[in-house]
Amino acid sequence: MAALGWLTPRRRSATARSVLAGEASAEAARKSTRAVPEREPEFPVPGDERAAAFFDLDNTVMQGAALFHFGRGLYKRKFFDTRDLARFAWQQAWFRLAGVEDPEHMQDARDSALSIVQGHRVSELQSIGEEIYDEYMAERIWPGTRALAQAHLDAGQRVWLVTAAPVEIATVIARRLGLTGALGTVAESVDGVYTGKLVGEPLHGPAKAEAVRALALAEELDLGRCAAYSDSHNDIPMLSLVGHPYAINPDAKLRKHARRMDWRLRDYRTGRKAAKVGIPAAAGVGAVAGGTAAAIALHRKRR
């Protein structure tokens, strides 16, 4: 058996083992200094003038619906009477119970709501919008979303609101927040007076994506470098249009879609730390009245 001793590996001496350990440690140290850890790209990118951000308004930038608060203000100022209130309350109740957007029913609701402002001057509604912002909206801005918008502004990028709310109201909110501007639903006016008709349709769902696409083309933006923020699955077309989509305070359908697509997610509705998906980055009469304005869209007709 002694003759087979050469087949049995010899145990290294303690000194040899120490040398081996030291050499292995030194090599690992050299490799670690050469390896550059993968870093998250800075976002928003400072100075990128071809990038911009697009924010949905309701439940994304502001708690609740802008039109709800606008309706409260209009009812307070007696833009409609109790009979109108009852009709709008029924339409709003039907929509909530049905849970679907039947085109014929929605058209009827829009026509009824537009009749409220028919004959009123654009300037009058703009002035009222300023008052309503101070009365009902200013204290309902989500600080977290506001900070996201400010990050884009600080990076030198433009920031727009994109909402189905009347463009005049959206513009007031954008200006008060120091944003670039707003895309909103447009209503027809002649000589500064509302006709009671929409120009096109409410800026909702796919229409938002088309508005963002048109603005990006006009402003020479690269949508792949832009960001969009929304709480609603209805805005998936807009979110899918940009390179940096965010789900903010998402509904169940949008949350599920965001997780599947590995989109970024923020939730500011509770005190818990915001959840993250993907790569993280830097009552009574008043309630019913809010529903009455659900289709009001206020904008001068371009002549």
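Every chain begins its residue count from 1, and numbering advances along the sequence as written. Residue-level local features of this predicted model are given only where pLDDT is at least 70; pairs of side-chain atoms are given and counted only at 80 or more, and the full residue set underlies all totals for whole chains, interfaces and linings. Where side-chain values are given, they derive from all heavy atoms of the structure, hydrogens and water being excluded.

Some remarks on the overall build of the protein
In step 1: A tally of helices and strands in the protein yields eleven helices and eight strands.
In step 2: Type-normalised accessible area, obtained with a 1.4 Å probe on protein chains alone, sets the label of each residue: buried when under 20%, exposed when over 50%, and partly exposed for intermediate values. When burial is assessed residue by residue, the protein has 43% of its 303 residues classed as buried.
In step 3: Computed with a 1.4 Å probe, the accessible areas rest on the Shrake-Rupley method; for each residue, only the protein chains presented here act as cover. Accessible surface, the protein as shown: approximately 16400 Å² in total, 55% of it carbon and sulfur. A helix here means a DSSP run of H or I that spans at least four residues, while a strand means a run of E at least two residues long, and both kinds are numbered starting from the N terminus.

Remarks on the packing of aromatic side chains
In step 1: Side-chain rings of Phe, Tyr and Trp (the six-membered ring for Trp) are treated as a pair once their centres are within 6.5 Å; stacked means planes under 30 degrees apart, edge-to-face means over 60, and tilted covers the remaining angles. Scanning all chains against the criterion turns up three aromatic pairs.
In step 2: Geometrically, the ring pair formed by Tyr229 and Tyr246 is stacked, given 4.5 Å between the ring centres and 20° between the ring planes. Taken together, the residues Tyr229 in strand E6 (residues 227-230) and Tyr246 in strand E7 (residues 244-248) connect sequence positions 17 residues apart. Each of the two residues, Tyr229 as well as Tyr246, counts as buried.
In step 3: A connected cluster of aromatic rings, assembled from ring pairs, spans Phe55, Tyr229 and Tyr246.

Digging into the packing of helix H2 (residues 66-76) against helix H5 (residues 122-137)
In step 1: Here the axes come from fitting lines to C-alpha atoms, over the contacting stretch only for helices, and the angles between their N-to-C directions go from 0 to 180 degrees. Across the interface, H2 lies against H5 with an axial gap of 9 Å and an inter-helix angle of 110°. Between H2 and H5, the interaxial angle falls into the category roughly perpendicular. Seen from above, H2 lies across H5 with right-handed handedness. Every residue of H5 that contacts H2 at Ala66, His69, Phe70, Arg72, Gly73, Leu74 and Lys76 is listed here: Leu125, Ile128, Ile132, Glu135, Tyr136 and Met137.
In step 2: Three classes are used: nonpolar for Ala, Val, Leu, Ile, Met, Phe, Trp, Tyr, Cys and Pro, charged for Asp, Glu, Lys and Arg, and polar for all others, with Gly counted as polar. In the contact of H2 with H5, the residues fall into eight nonpolar, two polar and three charged. Any angle that falls under 35 degrees is termed roughly parallel, while one over 145 is termed roughly antiparallel, one within 65 to 115 roughly perpendicular, and all others oblique. In a left-handed crossing the near helix is turned counterclockwise from the far helix by less than a right angle, and in a right-handed crossing that turn is clockwise. Contact definition: two residues touch when any of their heavy atoms are within 4.5 Å.

What about the confidence of the model for the protein?
Reading fine detail from the predicted coordinates is not recommended where pLDDT is low.
In step 1: Model confidence for the protein is summarised by a mean pLDDT of 78, while 69% of its residues fall at 70 or above.
In step 2: Along the chain, pLDDT gives the predictor's confidence residue by residue, from 0 to 100. Taken together, the stretch residues 271-303 has pLDDT below 50 and engages in 96 contacts with residues farther than four places along the chain or on a different chain.

Thoughts on the side chain of Gln157
In step 1: Following the sequence through the fold, Gln157 ends up in the loop between helix H6 (143-154) and strand E2 (158-166).
In step 2: Residue class for Gln157 comes out buried when judged on its relative accessible area of 4%.
In step 3: Separated by 3.2 Å, the side chain of Gln157 and the backbone oxygen of Val45 make a polar contact.
In step 4: Within polar-contact distance, the side chain of Gln157 engages the side chain of His152 at 2.9 Å.
In step 5: If we skip the residues at most four places from it in the chain, Gln157 touches Pro44, Val45, Asp48, Ala51, Ala52 and His152. Think of a polar contact as two N or O atoms within 3.5 Å of one another; within protein, one of them needs to be a possible hydrogen donor and the other a possible acceptor, and neighboring residues in sequence only count if both atoms come from side chains.

Comments concerning the pattern of salt bridges
Pairing of side chains with opposite charge becomes possible as their charged atoms draw close.
In step 1: Every case where a carboxyl oxygen of Asp or Glu lies within 4 Å of a side-chain nitrogen of Lys or Arg is listed as a salt bridge. The final tally for this structure, using the stated rule, is 15 salt bridges.
In step 2: One salt bridge in this structure joins Arg176 and Glu130, with 2.8 Å as the shortest N-O distance. Of this pair, Arg176 sits in helix H7 (residues 167-176) while Glu130 sits in helix H5, placing them 46 residues apart in sequence.
In step 3: For Arg225, the salt bridge goes to Asp222, with nearest N and O atoms at 3.4 Å.

Remarks on the packing of H5 against H7
In step 1: Interaxial distance between H5 and H7 falls to 9 Å at its minimum, and their mutual angle equals 50°. Looking at the two axes, H5 sits oblique to H7. Crossing of H5 over H7 shows right-handed handedness. Note on element contacts: H7 touches H5 through Glu168, Ile169, Val172, Ile173, Arg175 and Arg176, opposite Val122, Gln126, Gly129, Glu130, Tyr133, Asp134 and Met137.
In step 2: Of the residues belonging to the contact of H5 with H7, the class tally is six nonpolar, two polar and five charged.

Concerning the nonpolar core
In step 1: By size, the foremost hydrophobic cluster in this structure holds 40 residues, and its most contacted members are Phe55, Met137, Leu161, Ile173 and Tyr229.
In step 2: Looking at this core, the element that brings in the most residues is H5, giving seven residues.
In step 3: Apart from the residues within four sequence positions on either side, Ile173 is in contact with Leu57, Ala66, Tyr133, Met137 and Leu161. Residue types Ala, Val, Leu, Ile, Met, Phe, Trp, Tyr and Cys, when buried and joined through side-chain atoms within 4.5 Å, form a set referred to as a nonpolar core.

Focus: the environment of Gln118
In step 1: Inspection of the secondary structure puts Gln118 in the loop between helix H4 (103-117) and H5.
In step 2: When near neighbours in sequence (up to four residues on either side) are disregarded, Gln118 contacts Tyr194, Thr195 and Gly196.
In step 3: Within the local environment of Gln118, its side chain forms a polar contact with the backbone oxygen of Thr195, the two atoms lying 3.3 Å apart.

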